[in-house]
Amino acid sequence: MKNLVLIDHPLVKRDLTILRDKNTRSHTFRAVLRRTASLMAYEVTSDLAIKKSVVRTPLERTTGYTITDQIILVPILRAGLGLVGGFVEVLPDARVGHIGLYRDEVTLQPVDYYLKFPSKLNHALVLVLDPMLATGGSATSAVSVLKSKGARKIRFVSLVAAPEGVRLLLKTHPDVKMYTCSLDRELNAKGYILPGLGDAGDRIFGTAE
Ligand code: PRP
Ligand code: URA
């Protein structure tokens, strides 16, 4: 699909299998999600702008590199928090904003309850993090909020995506590149991704155990 990058490295496939498994408990789920997030970050940042610098090894001077893109991570609460640790592990200078959205269980429409962003969104590459792209309502709404606050370069990063969500995000925000580790089959009547991994927030935070 246009604008969609599939992150299908063997290490990611192995980790996604653990995350899908209904017998994986919260503490393992969290740790594996964090590790997967670092692997995803590697792919999502493969085209970052860099500039040459000079570095002195113990023996001589040689060429080094610094990253010139400013990165802002914006997890969608709650489940997006599960991806932040793995991203900041490899992007230690990234700043982090937060957007609180939940899906109304009846209408499936996103409702926002918390917004807090670093300054200069317009100068940064903004990576919106959420493990699940289901109907696409939350992602579309998060991107709209970020654009209204000035963000211009936005990427959306999910672990698992449904075709319905990919289509909605692409239609509403065709400028936003999407990254996911799996394009799953479909949504069920309750808006859950099939085969999916269940309720990501509940699995990260143990709220259903
Ligand atoms: C989940 C998930 C996404 C959203 C995806 O959050 O983390 O934010 O659903 O669904 P959509 O594409 O249909 O909008 P949820 O509303 O369950 O909130 P939580 O993260 O607080 O558990
Ligand atoms: N949110 C989740 O956590 N899981 C789904 O399958 C869909 C939305």
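See the structure printed just above.
Residues numbered from 1 in each chain as written. Chains lettered and ligands numbered in written order. Predicted model: local features only at pLDDT ≥ 70, side-chain atom pairs only at ≥ 80, totals over all residues. Heavy atoms only, no water.

Re the overall build of the protein chain
Quick note on the threshold: The helix count covers DSSP runs of H or I at least four residues long, the strand count covers runs of E at least two residues long, and both are numbered beginning at the N terminus. This radius of gyration counts C-alpha atoms alone. The globule rule is 2.2 Å times how many residues there are, raised to the power 0.38. Think of it in three bands: residues with accessible area under 20% of the maximum for their type are buried, residues over 50% are exposed, and the middle band is partly exposed, with areas taken using a 1.4 Å probe on protein chains only. Throughout, a contact is declared for two residues whenever any of their heavy atoms are within 4.5 Å. Each accessible area is a Shrake-Rupley result for a 1.4 Å probe, and residues are judged covered by the shown protein chains and nothing else. The charge count includes Lys and Arg as positive and Asp and Glu as negative, but it does not include His or the ends of the chains. In this description, the location of a charge corresponds to atom NZ of lysine, CZ of arginine, CG of aspartate or CD of glutamate.
Regarding its fold elements, the protein chain presents six helices and 13 strands. Taking 209 residues into account, the globule formula puts the C-alpha radius of gyration at 17 Å, and the protein chain, at 17 Å, falls close to it. Every one of the 209 residues in the protein chain was classed for burial, and the buried ones make up 46%. Expressed as a percentage of contacts within the protein chain between residues at least 6 apart in sequence, the contacts between residues at least 24 apart total 63%. When the accessible surface of the protein chain is summed, it comes to about 11,000 Å², and 53% of that surface belongs to carbon and sulfur atoms. Of the charged side chains in the protein chain, 29 are positive and 20 negative; the average position of the first set lies 5 Å away from that of the second.

Observations regarding the site of ligand 1
How we decide: Consider each residue's heavy atoms; a residue with any of them within 4 Å of a molecule or strand counts as near. As used in this structure description, the phrase polar contact means that two N or O atoms lie within 3.5 Å; if the pair is within protein, one of them must be able to donate a hydrogen and the other to accept it, and residues adjacent in sequence are counted only when both atoms belong to side chains. Throughout, the ten residues Ala, Val, Leu, Ile, Met, Phe, Trp, Tyr, Cys and Pro are labelled nonpolar, Asp, Glu, Lys and Arg are labelled charged, and all others, Gly among them, are labelled polar.
Contacts to ligand 1 come from 15 residues, most closely from Arg103, Asp130, Thr135, Gly136 and Ser138. Within the backbone of Ala134, an N or O atom sits 2.9 Å from an oxygen atom of ligand 1. In the environment of ligand 1, an oxygen atom lies 2.5 Å from a nitrogen or oxygen atom belonging to the side chain of Ser138. Look at ligand 1: alone it shows 500 Å² of surface, and the protein chains cover 90% of it. Those elements giving two or more residues to the shell around ligand 1 turn out to be strand 6 (98-103), strand 9 (132-133) and helix 4 (137-148). By residue class, the composition of the shell around ligand 1 is six nonpolar, five polar and four charged.

Side note on helix 1 (residues 10-20)
Put simply, the rule is: The arc refers to the directions leading from the helix axis to the C-beta atoms.
Of the residues making up helix 1, those classed as buried are Val12, Asp15, Leu16 and Leu19. Projected down its long axis, helix 1 shows its buried positions confined to an angular sector of 105°, all on one face. Opposite its buried face, helix 1 presents the exposed residues Pro10, Lys13 and Thr17, each directed more than 90 degrees away. Tucked inside the fold, the buried residues of helix 1 contact helix 2 (26-44), strand 10 (153-161), strand 11 (177-183) and helix 6 (200-205).

Section: the packing of helix 1 against helix 2
Note the cut-off: Orientation is described by lines fitted to C-alpha atoms, with helices fitted over the stretch in contact, and by angles between N-to-C directions that extend from 0 to 180 degrees. For classification, angles of less than 35 degrees are called roughly parallel, those exceeding 145 degrees roughly antiparallel, those between 65 and 115 degrees roughly perpendicular, and all remaining angles oblique. By convention the crossing between two helices is left-handed if the near helix lies anticlockwise of the far one by an angle smaller than a right angle, and right-handed if it lies clockwise.
The contact between helix 1 and helix 2 brings their axes to 10 Å, and the two run at 155°. It follows that helix 1 is roughly antiparallel to helix 2 by the angle criterion. In this structure, the crossing between helix 1 and helix 2 has a hand that is left-handed. In this structure, helix 1 uses Leu11, Val12, Arg14, Asp15, Ile18 and Leu19 to contact helix 2, whose residues at the interface are Thr28, Phe29, Val32, Leu33, Arg35, Thr36 and Leu39. Residues that form the contact of helix 1 with helix 2 fall into these classes: eight nonpolar, two polar and three charged.

What about the site of ligand 2?
Arg103, Met132, Ala134, Gly191, Tyr192, Ile193, Gly198, Asp199 and Ala200 make up every residue found near ligand 2. A distance of 2.8 Å separates a nitrogen atom of ligand 2 from a polar atom in the backbone of Gly198. If ligand 2 stood free it would expose 240 Å²; the protein chains cover 89% of that surface. Of the residues assigned to the shell around ligand 2, the class counts are five nonpolar, two polar and two charged.

Observations regarding unusual backbone geometry
In this model, Leu77 is joined to Arg78 through a cis peptide bond whose omega is -5°. By secondary structure assignment, the location of Arg78 is in the loop between strand 4 (71-77) and helix 3 (81-90). The omega torsion across Leu194 and Pro195 is 0°, close enough to zero to call that bond cis. One can find Pro195 in the loop between strand 13 (193-194) and helix 6. Phi at Asn3 takes a positive value of approximately 75°, unusual for a residue other than glycine. Mapping Asn3 onto the fold places it in the segment before strand 1 (4-6).

Description of the side chain of Thr180
Looking at where Thr180 falls in the secondary structure, it is placed in strand 11. Overall, Thr180 belongs to the buried group, its relative accessible area being 0%. Within the structure, Thr180 has its side chain in polar contact with the backbone nitrogen of Ala161 (distance 3.4 Å).

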